[in-house]
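This is what each chain is made of:
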Amino acid sequence: MKQFIYPYIMFNDSQEAAEYYISVFGGEVTYKMLGKDTPNCPEDQLETVMHLQYKLNGYEFYFADANLKDYGRIHLHLDFDSLDEMKEAFN
């Protein structure tokens, strides 16, 4: 069974958060994209974590750096199999 809900958690320092979770629960970082990996990234965001995937017990959690004053702490990414399935769920 595929994972349907991916928690997308915003941190002031998502790399530090991932290292903490790994030290407590285990798991691993399977992917990390920094600002410098994206086109036209502002100079002050080159080392910002734009997307990090943390895998634990077969489940993935997404992390990103964000100013927590401006963003919510968690978003939920829903992985529908089709556009029709998504439309039905949201209708």
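Structure shown above.
Residues numbered from 1 in each chain as written. Predicted model: local features only at pLDDT ≥ 70, side-chain atom pairs only at ≥ 80, totals over all residues. Heavy atoms only, no water.

(A) A look at the pairing of strand β4 (residues 59–65). Relative to β4, strand β1 (residues 5–11) is paired through four bridges, and the arrangement is parallel. Bridge pairing in β4 links M10 to A64. Note that strand β3 (residues 49–56) and β4 share five bridges and pair antiparallel. Pairing of K55 across the sheet is with E60, part of β4. Counting the residues that bridge the hairpin from β3 to β4 gives two residues, and of these N57 lies at a positive phi of roughly 50°. (Pairing = 2+ DSSP bridges. Helix = DSSP H or I, 4+ residues; strand = E, 2+ residues; numbered from the N terminus.)

(B) Highlighting the sheet that holds β3. The five strands are arranged β2-β3-β4-β1-β5 in an open sheet whose pairing can be described as mixed. Every other strand in the sheet has two partners, leaving β2 (28–34) and β5 (74–78) as the edge strands with one partner each. Each strand axis lies, on average, 20° off the axis of its neighbour in the sheet, ignoring direction. Both β1 and β5 contribute to a ladder of five bridges, which runs antiparallel. Opposite Y8, over in β5, you have H75 as the bridge partner. Here helix α1 (residues 14–25) sits on the sheet in contact with β1, β2, β3 and β4, set at roughly 10° to β3. (Axes fitted to C-alpha atoms, helices over the stretch in contact; angles between N-to-C directions. Contact = heavy atoms within 4.5 Å.)

(C) Here's a closer look at the environment of Y59. The topology assignment puts Y59 in strand β4. Every residue in contact with Y59, bar those within four places of it in the chain, is listed here: Q3 and Y54.

(D) The arrangement of the packing of aromatic side chains in detail. All chains considered together, the criterion is met by twelve aromatic pairs. With a centroid separation of 6.0 Å and an interplanar angle of 20°, the aromatic rings of Y21 and F25 are classed as stacked. Within this pair, Y21 and its partner F25 are both found in helix α1, separated by four residues, close to a single helical turn. Judged by relative accessible area, F25 falls into the exposed class, the value being 51%. (Phe/Tyr/Trp six-rings, centres within 6.5 Å; stacked < 30°, edge-to-face > 60°. Buried < 20%, exposed > 50% of the residue type's maximum accessible area, 1.4 Å probe, protein only.)

(E) Main features of the side chain of E60. Summarising the element assignment, E60 is placed in strand β4. No salt bridge is formed by the buried E60; the nearest opposite charge belongs to K55, separated by 4.8 Å. Only 2.9 Å separates the side chain of E60 from the side chain of Q53, close enough to count as a polar contact. The residues touching E60, leaving out its near neighbours within four places in the chain, are Q3, Y6, P7, T30, Q53, Y54 and K55. (Lys, Arg positive; Asp, Glu negative; His and termini not counted. Salt bridge = Lys/Arg side-chain N within 4 Å of Asp/Glu carboxyl O. Polar contact = N/O pair within 3.5 Å; in protein donor to acceptor, adjacent residues only side chain to side chain.)

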